[in-house]
Amino acid sequence: MATKKAPSKAAAASSSSASSSSNDMNAMWKWLYVGGVLVACLASALNFTAADPYLGWALTLIGILVAIFYFDTADFMNFGLRYLIVLAVAAAAPLASLPAVGGFLSGFFNGFASFLGPVVFTMAILFFWKKYFGSK
């Protein structure tokens, strides 16, 4: 009976390094997303306006790149629903009326919703592109 040929050490090493490189990039995009969310939320909550136009453009670019390289477009419907929930929370009137932390919470959720906007928009474009123009 024939036995399976064991892969050579070079093939195993190249396969391992390819998957390791893929995991490294996936981790990088994940942490870039988390960092973008935190920066957007804190900048909005603390009314940080020193880098006003440039920070907004940088966060928009990060959101677009994360949507392209990190998120799966097959999960667009669930992600879009989560975005609508965050928008509803950000627009909730009672948050601003809380005495001590109302303005901070309102700004935090507004920053989160504004960072997710370009992500969801890019995911929508990619979702419909793959659905209607992708190879079948």
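Residues numbered from 1 in each chain as written. Predicted model: local features only at pLDDT ≥ 70, side-chain atom pairs only at ≥ 80, totals over all residues. Heavy atoms only, no water.

### What about the overall build of the protein chain?
Threshold: Helix and strand labels come from DSSP, where a helix needs a run of H or I of at least four residues and a strand needs a run of E of at least two; each type is numbered from the N terminus. By definition, residues are in contact when any of their heavy atoms lie within 4.5 Å. Note on areas: Shrake-Rupley, 1.4 Å probe, and residue coverage restricted to the protein chains presented here.
Within the protein chain one finds four helices and zero strands. Mapped from its N terminus to its C terminus, the protein chain presents α and β elements in the order α-α-α-α. By sequence separation, contacts in the protein chain at least 24 residues apart represent 76% of the contacts at least 6 residues apart. For the protein chain, the computed accessible surface area is about 9,300 Å², with 70% contributed by carbon and sulfur atoms.

### Overview of the packing of helix α2 (residues 52-69) against helix α4 (residues 102-133)
Rules: The convention used is that axes are lines fitted to C-alpha atoms, helices contributing only their stretch in contact, and that angles between N-to-C directions extend from 0 to 180 degrees. Take the far helix as the reference: if the near one is turned anticlockwise from it by less than a right angle, the crossing is left-handed, and if turned clockwise, right-handed. For this classification, Asp, Glu, Lys and Arg are treated as charged, while Ala, Val, Leu, Ile, Met, Phe, Trp, Tyr, Cys and Pro are nonpolar and the rest, including Gly, are polar.
Between α2 and α4, the least distance of the axes is 8 Å, while the angle of their chain directions is 40°. Where α2 crosses over α4, the handedness of that crossing is right-handed. Counting all contacts with α2, which are made through L59, T60, I62, G63, I64, A67 and I68, the residues of α4 involved are F115, P118, V119, T122, M123 and L126. Across the contact of α2 with α4, the residue classes break down as 10 nonpolar, three polar and no charged.

### Looking at the nonpolar core
Quick note on the threshold: Take the buried residues of types Ala, Val, Leu, Ile, Met, Phe, Trp, Tyr and Cys, join any two whose side-chain atoms come within 4.5 Å, and each joined set is a nonpolar core. Buried means the residue's accessible area, taken with a 1.4 Å probe over protein chains only, is under 20% of the maximum for its type, while exposed means over 50%, and partly exposed covers the values in between.
Of all hydrophobic cores here, the largest spans 22 residues; its most connected members are Y33, F71, F79, F115, L116, V119 and M123. Among the secondary structure elements, those contributing two or more residues to this core are α1 (9-45), α2, α3 (76-90) and α4. Those residues in contact with M123 that sit more than four places away from it in its chain are A67, F71, D72, T73, D75, F76 and F79.

### Notes on the packing of aromatic side chains
What counts, and what does not: We call Phe, Tyr and Trp rings a pair once their centres come within 6.5 Å, taking the six-membered ring for Trp, and we label the pair stacked below 30 degrees between planes, edge-to-face above 60, and tilted otherwise.
As enumerated under the stated definition, the model contains 12 aromatic pairs in all. Between Y33 and F115, the aromatic rings sit 6.1 Å apart at their centres with planes inclined by 40°, giving tilted as the arrangement. With Y33 in helix α1 and F115 in helix α4, the pair connects residues that are 82 residues apart, well separated along the chain. You can call Y33 buried: its relative accessible area is 16%. The rings of Y33, Y70, F71, F79 and F115 are connected pair by pair, giving a single aromatic cluster.

### Structural notes on unusual backbone geometry
Phi angles above zero are rare outside glycine, and N47 is one such case at about 55°. Within the secondary structure, N47 is located in the loop between α1 and α2.

### Let's talk about the confidence of the model for the protein chain
Going by this rule: The pLDDT score gives, residue by residue, the confidence of the prediction method on a 0 to 100 scale.
On average, residues of the protein chain score 86 in pLDDT, and 85% of them reach the 70 mark or higher. Per-element mean pLDDT across the protein chain ranges from 81 in α1 up to 95 in α2. Considering only residues more than four positions removed or in separate chains, one finds that residues 1-5, a stretch of pLDDT under 50, has zero contacts.

### Regarding the layout of surface pockets
So the rule is basically this: The method works on a 1 Å grid over the protein atoms by themselves. A cavity is a set of points holding a 1.4 Å probe that cannot get out, a pocket is an open set with protein on both sides within 12 Å along at least five of seven lines, and residues with an atom within 4 Å of a point line them. Grid points are joined across faces, edges and corners, and a volume is the space filled by probe spheres set on the points.
Its boundaries defined by the atoms lining it, the largest pocket holds a volume of some 240 Å³. Around the largest pocket, the lining is made up of 16 residues, and of these A40, L55, G56, L59 and S114 lie nearest the centre. Only α1, α2 and α4 provide two or more residues apiece to the lining of the largest pocket. With five residues, the single largest contributor to the lining of the largest pocket is α2. By residue class, the composition of the lining of the largest pocket is eight nonpolar, seven polar and one charged.

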